[in-house]
Amino acid sequence: MGSFRALLSASYGRHYLAQRIEADGSHGGPFIQVSVPGKQHLGAVGDRLILEATSADQARILEIEPRKNLLYRSDAFKSKSIAANVDQILIVLATAPAFSPDLLGRAVIAAELNQIDLHIILNKCDLQEKLTVARDQLAPYKSMGYAVHEVSAKFNPQSLDILHPLLRGKVSVLVGQSGMGKSTLLNAWVPNAAAVTQEYSQKLDSGKHTTTACRYFDLPEWGRDIHCLGAIIDSPGFQEFGLAHVSESQLQHAFREFKSYLGKCRFHNCKHDNEPDCAVQAAVLSGAIASERLTLFKQLVSDSKTADIQIQGISPSRERWSTSLKPPYKR
Ligand code: GDP
Ligand code: ZN
């Protein structure tokens, strides 16, 4: 029946839905159910696929086109891809319930490692009494140069409209814990999101698991720039963003504000822990580096070592989230 290009638009486990990509690069038409013949063709939402039709609305993957990046979650035994070929990560936080600073810190590091832009969306800014605490927590990130956008998805739609230029022509992946307002944001930016979600859920594994699926949503016309229509990939809410596969040296370079201190410690292999004449620890003491960031760095180094043990099959692990160009655990 011949092969054709398609966009992987929704995934739940190894159930995928795709849409045909036309010669002009746009995608559309009815959803095609995709079967995955082997583990070598595990895809992620945002992937460009070469499919071979097996019936009118079913196809199998012949090939996954090379990716510019891949966001996935993994533990020592398996990994689950979420999104591929993204331009930016939007991490959604709320003033209440309190967000996890650890998750934020890890998302920021993941973005740096993959050189993907990251924007912090602080939602529920209408809750005035909680706003100061949230702002204080975000202050170090602001001073490191990360964009923080204060919005109220529910009570001030205008605060979302002014983010349209940020989304235009880009593929943005929404990440965050559940309860932060991800769905409210999505519905505001993509007015037909509910209908698309329903269509995905009908076709994907007979209607179940909509909330744990990853899904691609085209933005409306305002989201088009001269090159293409922007999109939002919605990922399931999650609590943990593991970076266990990342090496120590990669890690320290992913901490933006460490850069001017690296190479200035007394020991060239300094762990910035208890070593004397450590430039990074000195910067924490002087207030130039936030102490939570050095704590996070040490935690990530420790996670990375633990994962090495887990990969060797010694102990099971919790689920982890990561981003990388490469498949997990192939160092
Ligand atoms: P999700 O789990 O991240 O998808 O979060 P939802 O979009 O379902 O929102 C979680 C809860 O927060 C819901 O009860 C929303 O009505 C509420 N919520 C969303 N946005 C706002 C906001 O801007 N302000 C306030 N106060 N509540 C909001
Ligand atoms: Zn040091």
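Given the structure is predicted, the values throughout are model-derived calculations rather than measurements.

Visitor: When you look at helix α5 (residues 182-189) in this model, what are you seeing that I'm missing?
Guide: Since one α-helical turn is 3.6 residues long, residues separated by three or four positions face the same way. Within the sequence span of α5, burial applies to Lys182, Leu185, Leu186 and Trp189. Down the axis, α5 shows its buried residues gathered within 100° of arc, on one side only.

Visitor: Even after reading the chapter, I still don't get the coordination of the zinc ion (ligand 2), so can you show me in this structure?
Guide: A metal bound by six donors in octahedral fashion has ideal angles of 90 or 180 degrees, whereas one bound by four tetrahedral donors has an ideal angle of 109.5 degrees. Bound to the zinc ion (ligand 2) are the protein donor atoms Cys265 (SG), Cys270 (SG), His272 (ND1) and Cys278 (SG), situated 2.1 to 2.4 Å from the metal. The site at the zinc ion (ligand 2) holds four donor atoms, and with the angles between them running 104 to 113°, its shape is tetrahedral. Each donor residue of the zinc ion (ligand 2) belongs to the same chain, and together they define the spacing C-x4-C-x1-H-x5-C.

Visitor: Could you clarify how one ought to interpret the packing of aromatic side chains in this entry?
Guide: The geometry of an aromatic ring pair is captured by two quantities: the separation of the ring centres and the angle between the planes. Evaluation of the coordinates by the stated rule reveals six aromatic pairs. When the ring of Phe31 is compared with that of Tyr200, the centres are 4.7 Å apart and the planes differ by 40°; the resulting orientation is tilted. A residue pair is termed long-range when its members are at least 10 positions apart, and Phe31 in strand β3 (residues 27-35) and Tyr200 in helix α6 (residues 193-203) qualify at 169 residues. Taken as a pair, Phe31 and Tyr200 share a single burial class, namely buried. Assessed through its relative accessible area of 2%, Tyr200 is described here as buried. Three or more aromatic residues joined by ring pairs make a cluster, and in this case those are Phe31, Tyr200 and Phe217. Above the face of the Phe4 ring, Arg20 is positioned so that its terminal group lies 4.1 Å from the ring centre. Positioned over the ring face of Tyr146 is Arg256, at 3.9 Å from the centre of the ring.

Visitor: Sorry if this is basic, but what is going on with the side chain of Thr95 here?
Guide: Along the chain, Thr95 turns up in the loop between β8 (88-94) and α1 (101-114). Separated by 2.6 Å, the side chain of Thr95 and the backbone oxygen of Lys124 make a polar contact. Residues in contact with Thr95, not counting those within four places in the same chain, are Leu122, Asn123, Lys124, Cys125, Leu127, Lys130, Leu131 and Ala134.

Visitor: For this particular structure, what's the right way to read the packing of α1 against helix α2 (residues 128-143)?
Guide: When two helices pack together, their arrangement is given by the angle between their axes and by how far apart the axes lie. At a closest axis distance of 12 Å, the pairing of α1 and α2 adopts a crossing angle of 15°. Classed by the angle they form, the pair α1 and α2 counts as roughly parallel. Seen along the crossing, α1 lies across α2 with a hand that is right-handed. Contact residues: α1 offers Pro101, Leu104, Gly105 and Val108, while α2 offers Gln137, Leu138 and Tyr141. Among the residues forming the contact of α1 with α2, the class breakdown is five nonpolar, two polar and no charged.

Visitor: Before we go on, may I ask you to explain the confidence of the model for the protein in this structure?
Guide: Caution applies to low-pLDDT parts of the model: their predicted coordinates are not meant to be read in detail. Summary statistics for the protein give a mean pLDDT of 88 and a share of 88% for residues scoring 70 or more. For the stretch residues 311-331, pLDDT sits under 50, and the model shows 77 contacts to residues farther than four places along the chain or on other chains.

Visitor: Looking at this structure, I do not really get the pattern of salt bridges. What am I missing?
Guide: If charged atoms from side chains of opposite charge come close, those side chains can pair. Tallied over the entire structure, the rule returns 15 salt bridges. Of the charged contacts, one joins Arg106 and Asp102 as a salt bridge, the two residues approaching to 2.9 Å between their closest N and O atoms. Of the two residues, Arg106 and Asp102 are both situated in helix α1; the distance of four residues between them amounts to about one turn of the helix. Judged by its relative accessible area of 35%, Asp102 falls in the partly exposed class. A single salt-bridge network, built from bridges that share partners, covers Asp102, Arg106 and Asp303.

Visitor: Is there a simple way to explain the nonpolar core in this structure?
Guide: A general tendency of soluble globular proteins is for nonpolar side chains to be buried together. Within the largest apolar cluster, 100 residues are counted, with the highest numbers of intra-cluster contacts made by Leu51, Leu104, Leu118, Ile120 and Trp189. Counting residues per element, this core draws most heavily on α1, at seven residues. When neighbours within four sequence positions are excluded, Leu118 is seen to be in contact with Ile89, Ile91, Ala107, Val108, Ala111 and Tyr146.

Visitor: Would you mind going over the site of ligand 1 with me for this structure?
Guide: Close to ligand 1 lie 16 residues; Asp126, Gly179, Lys182, Ser183 and Thr184 are nearest. Residue Ser152 places a side-chain N or O atom 3.2 Å away from an oxygen atom belonging to ligand 1. Measuring from an oxygen atom of ligand 1, one finds a backbone N or O atom of Lys182 at 2.8 Å. Per-element accounting of the shell around ligand 1 gives the leading share, three residues, to α5. For the shell around ligand 1, a count of residues per class yields four nonpolar, eight polar and four charged.

Rules of the game
Per chain, the residues get numbers from 1 upward, laid out in the order the sequence is written. Chains and ligands are labelled sequentially in the order written, the chains with letters from A and the ligands with numbers from 1. Reporting of local features is limited, given that this is a predicted model, to residues whose pLDDT is at least 70; pairs of side-chain atoms are given and counted only at 80 or more, and all residues count toward the totals for whole chains, interfaces and linings. Side-chain figures throughout are based on the complete set of non-hydrogen atoms in the structure, without hydrogens or water. Partly exposed describes any residue whose relative accessible area lies between the buried limit of under 20% and the exposed limit of over 50%, with all areas from a 1.4 Å probe on protein chains only and scaled to the type maximum. A run of DSSP states H or I qualifies as a helix once it reaches four residues; a run of E qualifies as a strand once it reaches two. Both are numbered from the N-terminal end. Taken from the helix axis, the directions to the C-beta atoms give the arc we talk about. Donor selection uses N, O and S atoms within 2.8 Å of the metal (3.2 Å for Na, K and Ca). Since no water is included, sites may look incomplete. Tetrahedral means four donors with every angle between 85 and 135 degrees, whereas square planar (four donors) and octahedral (six donors) require angles over 155 degrees between opposite donors and between 65 and 115 for all others; sites fitting neither are termed irregular. Between 30 and 60 degrees the pair is tilted, below 30 it is stacked and above 60 it is edge-to-face, where a pair is any two Phe, Tyr or Trp rings, Trp via its six-membered ring, whose centres lie within 6.5 Å. Here, over-ring charges are defined by two tests on the NZ atom of lysine or the CZ atom of arginine: distance to the ring centre within 6 Å, and angle to the ring normal within 35 degrees. Identification of polar contacts relies on pairs of N or O atoms within 3.5 Å, with a donor-acceptor requirement for protein atoms, meaning one able to donate a hydrogen and the other able to accept it, and with residues adjacent in sequence counted only if both atoms are side-chain atoms. Working rule for contacts: check all heavy atoms of both residues, and any pair within 4.5 Å makes them a contact. Angles run from 0 to 180 degrees between N-to-C directions of axes, and those axes are lines fitted to C-alpha atoms, restricted for helices to the stretch in contact. Between 65 and 115 degrees an angle is taken as roughly perpendicular, under 35 as roughly parallel, over 145 as roughly antiparallel, and anywhere else as oblique. Crossings are sorted by hand: turned counterclockwise from the far helix by less than a right angle, the near helix makes the crossing left-handed, and turned clockwise it makes it right-handed. Gly counts as polar in this scheme, as do all residues outside two lists: the nonpolar Ala, Val, Leu, Ile, Met, Phe, Trp, Tyr, Cys and Pro, and the charged Asp, Glu, Lys and Arg. pLDDT measures the predictor's confidence residue by residue and takes values from 0 up to 100. Whenever Lys or Arg places a side-chain nitrogen within 4 Å of a carboxyl oxygen from Asp or Glu, that contact is recorded as a salt bridge. In this text, buried Ala, Val, Leu, Ile, Met, Phe, Trp, Tyr and Cys residues form a nonpolar core when linked through side-chain atoms within 4.5 Å. We define proximity as follows: a residue is near a molecule or strand when any one of its heavy atoms falls within 4 Å of that partner.

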